[in-house]
Amino acid sequence: MKKATIKQEVTFEGVGLHSGEFSRIVLHPDDGGSVRFLIKGEMIPAHYQYVVNTNHSTDLGKNGVVVKTVEHLLAVLYILGIDSVVVEFLEGFEVPAMDGSGYYFYKSLKNLVYEIDQEKEFLKIEKPISVKNCTARIDALPSKDFLVEYIGSVEGSLKDHRVKFKGNAKDIVFARTFCYDYQVEALRNMGLAKGGSLKNAVVLTKEGKPYNREGLRCKDEPIRHKLLDLIGDLSLLGKRLKGKVVSHYGGHSLNYQLVKALSEL
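Residues numbered from 1 in each chain as written. Predicted model: local features only at pLDDT ≥ 70, side-chain atom pairs only at ≥ 80, totals over all residues. Heavy atoms only, no water.

As for the side chain of Ser247
Threshold: Helix and strand labels come from DSSP, where a helix needs a run of H or I of at least four residues and a strand needs a run of E of at least two; each type is numbered from the N terminus. We call two residues contacting when some pair of their heavy atoms lies within 4.5 Å.
Here Ser247 is to be found in strand β18 (residues 240–248). What Ser247 contacts, discounting residues up to four positions off in sequence, is Arg137, Ile138, Glu149, Tyr150, Ile151 and Leu230.

Dropping the structure here:
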């Protein structure tokens with residue numbers, strides 16, 4: 001199976017979810033065989049070895065230069081099978097939030113996938129491995145296909161609800177990032193969510209009701225978004241995964257721990 005890039009340059013622009021700064025990025029076709037971010041003269045590989053933060057986003061860095069909130073774009077690239085592209089920052093340092101999902105990335109890139117003369121690299125899970133913390137666990141299990149599941153909750157609405165990804169992008173790319181209203185002040189106090197609004201995030205009450213006038217895109221949209229995040233983080237392995245990953249309430253930090261564990265197989 002051949003690696004793929006894109007047929008032509010594609011530009012995305014908009015506010016960064018956490019920084020609140022305007023960003024403009026250009027995705028360039030590339031035959032180098034990997035995804036890389038070009039910013040301020042630094043080329044930063046989309047690889048777990050360059051992860052510098054997993055607190056409410058996945059950020060990459062090199063020599064003091066950081067690119068922020070890469071997970072939604074990386075998830076879409078992985079789902080589309082795009083292995084080789086250079087993401088150049090013309091302004092800002094955070095991937096534009098767009099509507100808070102992967103939808104606009106997917107819509108713009110899905111018809112531009114172009115094979116290059118390199119073979120895809122795979123990592124096959126041969127035996128079960130798990131990572132966990134005090135509130136969550138992720139299991140990686142043998143499977144001939146790439147399958148991902150997320151078990152999570154929407155407060156006041158869904159408890160221990162399971163969503164699955166079996167290769168259909170439309171099951172998850174529309175799902176927007178979210179938070180609860182009682183979390184907003186704490187996020188802002190941490191210097192996060194400066195660019196967050198009802199245009200690029202879902203805000204829920206503790207009863208699970210959205211402030212967004214249009215409501216949820218589906219009743220389990222927040223859980224589907226966690227699945228999108230997980231796939232974006234898994235892409236930092238640098239190889240296509242053959243196996244089944246099941247996350248029980250995991251987040252970026254635990255996703256990162258799993259990728260490091262998988263890298264040692």
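Quick word on the packing of aromatic side chains
Worth spelling out the cut-off: Pairing of aromatic rings covers Phe, Tyr and Trp, the last counted by its six-membered ring, and requires centre-to-centre distances within 6.5 Å; plane angles under 30 degrees mean stacked, over 60 mean edge-to-face, and any other angle means tilted. Only protein chains enter the accessibility calculation, which uses a 1.4 Å probe. A residue is then buried if its area is under 20% of the maximum for its type, exposed if over 50%, and partly exposed in between. Two conditions define a charge located above a ring, namely a distance within 6 Å from the ring centre to NZ of Lys or CZ of Arg, and an angle within 35 degrees of the ring normal.
For the structure shown, the criterion picks out seven aromatic pairs. Centre to centre, the rings of Phe37 and Phe89 are 6.4 Å apart; their planes meet at 40°, and the pair counts as tilted. Of this pair, Phe37 sits in strand β4 (residues 35–39) while Phe89 sits in strand β9 (residues 85–91), and the two are 52 residues apart along the sequence. By the burial criterion, Phe37 is buried, and Phe89 matches it. A connected cluster of aromatic rings, assembled from ring pairs, spans Tyr78, Phe146 and Phe165. In this structure, Arg240 packs its charged tip against the face of Tyr78, placed 3.8 Å from the ring centre. The lysine or arginine in question, Lys242, covers the ring of Phe122, its NZ or CZ lying 4.8 Å from the ring centre.

Comments concerning the pairing of β4
Note the cut-off: In this description, strands pair whenever DSSP reports at least two bridges between them.
β4 sits mainly inside the fold: four of its five residues count as buried. Here four bridges tie β4 to β9, and the two strands are oriented parallel to one another. Note on β9: the bridge partner recorded for Arg36 is Val86. Of the strand pairs in this sheet, β4 and strand β5 (residues 42–45) are connected by four bridges, and their pairing is antiparallel. Residue pairing in the sheet places Ile39 in a bridge with Glu42 of β5.

Description of the sheet that holds strand β7 (residues 59–62)
Adjacent strands of a sheet form backbone hydrogen bonds with each other and so pair up, either parallel or antiparallel. For clarity, the cut-off: Simply put, an axis is a line fit to the C-alpha atoms, just over the touching stretch for a helix, and the angle between two N-to-C directions goes from 0 to 180 degrees.
Judged by pairing direction, the sheet is antiparallel, and its three strands sit side by side in the order β6-β7-β8 without closing on themselves. The open sheet has two edge strands, β6 (51–53) and β8 (65–67), and neither has a second partner. Taking each pair of neighbouring strands and ignoring which way they run, the sheet shows an average axis angle of 40°. Across three bridges, β7 lies against β8 in antiparallel orientation. What sits directly across from Lys62, in β8, is Val65.

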